[in-house]
Amino acid sequence: MSTSDPHHGNPGGAKPAAPAAPRGYKRSWKNLLINKRYQLRFTLFMVGVSALLISGLGWLVMGKADDATNVAIGRIRGESCPELPDVASSANQAAPAPAPTLAPTPTPAGSGDDGGRRVQIDESSLTLRPVTPNDYSERVAARWACELDQAARIRELTAGRMRILYVLVATGVLLVLGLVIYGIVLTHRVAGPLFKVGLYLTKMRDGRYDKVYDLRKGDQLIDFYEHFKSAHAGVVGLERSDVERLRGVLAAADKADLASKSPEVAAALTELRGILARKEKSLE
Amino acid sequence: MSNDVPTATLVKDGKVPGDVPPRPGARSKHKRRLANYLINKGLQLRYVVRVLVLSALIAGALGWMIYQQEHQASEDLVAGLADLTQKDEGLADFEQKIAEDLRARDRTLVLEMAGLGVSLVLILSLYLVFMTHKVAGPLFKVSHYFDDMAAGRIGPVTSLRKGDMLQDFFASFRESHDAVRKRLTVDADAMQRLVDAARAAGVTSGTAAGDEIEALAKHVERRRQALR
């Protein structure tokens, strides 16, 4: 954690303010990443686990979806559509096939009935032309309607498979994004107090013992922070006891003119005056 | 949260196995123990539970989708088979057999997925406890040093264990702790110099200045004990 980083001077309001300053600090999105190493490590772990789960299980889902789609498609393809009416089996093979929309031709004179199959005789060329049955167009239409219906159902199944894929990908992306934000906010509530303690520690290192303020609402590590406050108070207590003792000694030394006793005493008193001044300043 | 860091009552005989430096003197090299992995239950379990709930939700939702797809495929197969066999009554037994087999496979799939989910929860829980321990450990150690400082004891600080997180924070703490300790040591030395010089100059107790010097000597002695 870069406690001495000037850019982190106020991580979401963590910087201790002057004693009289208002304390209504709020979190800011800019300061969410206080302790990058710790926060990103925990967040990325959570995101990584989720991404692995989604990828692995998503792959299984897609495998099963493929199976289900293939089975369903196979079943559809296995369904039999109405047969097209056979109009040419007994007719002259050279005769042109009738158009599906051809209306049934009335049997002219001279035409024969060949076991239920009707033909038309072209007297000029002496060829037989098959005559389509009465329900020919309905049966052709039913055939093609069935095939079109099958194709549509197959398309729908394929589209359904793709929908599953899209839902999986979209869920994965949304989840990862959500987790990144959630993880950073979550870890921020731990990193924030640590950062704040770090700032006070830096001041203590430099010999400044400012007042320690409370954490923000929602922060974690409250007990840890209480331990720190006690530690800070303990060190301040040590400094205060030094100040009191030095004040007493220096006042008595001045009164008894101890400095005149020896150069060593004078030098020691001068040094202690400097220390006293420094300690008093650190406690201001 | 009221249970972020264990209180000092957890410290037994001045130490918690694997984590707290004994006093006085240098601490031995501590190693992690399985029993101590949940140092800070509140902090660790909160993270573990959150990740587990999330993983369970993802695994549950996708598992349900897998089952749905598998079940759909089975039903399609059974239906297709029924279409085929309805024309031939001799195949009815075969159809029944296949349908039962497919249902058994669906049930096996559910069991396999449940087993996978339980394994995932166990492995993930253990890993997360280990991982959060690496954060809770340093926090516990620092809070112990804070307790010492609160009691006016500024002894030496030992390093974190290998693999611990929050190394930067700990370095910052150690730097401050050492600076405070050094400053107090230097101050105590300066006070001791006055005591020695005054005694050498014949300042003895019985006078106001002499009593102050003796009181200062005792103060320095107490401070030196606190700095050990």
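As a reminder, the structure under discussion sits directly above these lines.
Residues numbered from 1 in each chain as written. Chains lettered and ligands numbered in written order. Predicted model: local features only at pLDDT ≥ 70, side-chain atom pairs only at ≥ 80, totals over all residues. Heavy atoms only, no water.

Some words on the interface of chain A and chain B
Taken together, the contact between chain A and chain B spans 74 residues of the former and 75 residues of the latter. For the chain A face of the interface with chain B, the top three residues by lost area are Phe-42, Phe-45 and His-227 of chain A, together amounting to 10%. Summed over the shared surface of chain A and chain B, the number is 7 salt bridges. Two residues, Asp-242 of chain A and Arg-223 of chain B, come together in a salt bridge whose shortest N-O distance is 2.8 Å. For the pair chain A and chain B, the number of links is 17 residue pairs in polar contact (both at pLDDT 80 or more). Elements with a contribution of two residues or more to the side of chain A that touches chain B: helix H1 (36–78), helix H2 (136–205), helix H3 (222–256) and helix H4 (263–282) of chain A. (Contact = heavy atoms within 4.5 Å. Buried area = accessible area lost by both parts, 1.4 Å probe. Salt bridge = Lys/Arg side-chain N within 4 Å of Asp/Glu carboxyl O. Polar contact = N/O pair within 3.5 Å; in protein donor to acceptor, adjacent residues only side chain to side chain. Helix = DSSP H or I, 4+ residues; strand = E, 2+ residues; numbered from the N terminus.)

A closer look at the nonpolar core
Ranked by internal contacts, the top residues of the largest apolar core, which has 99 residues, are Phe-224, Phe-228 and Leu-272 of chain A together with Phe-146, Phe-173 and Leu-194 of chain B. Elements with a minimum of two residues in this core: H1, H2, H3 and H4 of chain A together with helix H1 (41–85), helix H2 (92–150), helix H3 (167–200) and helix H4 (208–226) of chain B. (Core = buried A, V, L, I, M, F, W, Y, C linked by side-chain atoms within 4.5 Å. Buried < 20%, exposed > 50% of the residue type's maximum accessible area, 1.4 Å probe, protein only.)

Notes on the environment of Asp-149 of chain A
All names here are of chain A. Structurally, Asp-149 can be placed in helix H2. Classification of Asp-149 by relative accessible area gives partly exposed; the value is 39%. Along the chain, Asp-149 and Ile-76 lie 73 residues apart, while their C-alpha atoms are 9.6 Å from each other.

Quick notes on the side chain of Thr-69 of chain A
Looking at the element boundaries, Thr-69 of chain A is found in helix H1. The residues contacting Thr-69 of chain A, other than those within four sequence positions of it, are Leu-157, Thr-158 and Arg-161 of chain A.

Comments concerning the pattern of salt bridges
Evaluation of the coordinates by the stated rule reveals 28 salt bridges over all chains. Residue Glu-147 of chain A pairs with Arg-143 of chain A through a salt bridge whose shortest N-O separation is 2.7 Å. Highlighted residues: Glu-147 of chain A and Arg-143 of chain A, both in helix H2, separated by 4 residues, approximately one helical turn. Across the pair Asp-164 of chain B and Arg-161 of chain B runs a salt bridge whose closest N-O atoms are separated by 3.6 Å. We note that Asp-164 of chain B, like Arg-161 of chain B, is buried. Three or more residues are tied together by salt bridges with common partners; here these are Glu-239, Asp-242, Arg-278 and Lys-279 of chain A together with Asp-187 and Arg-223 of chain B.

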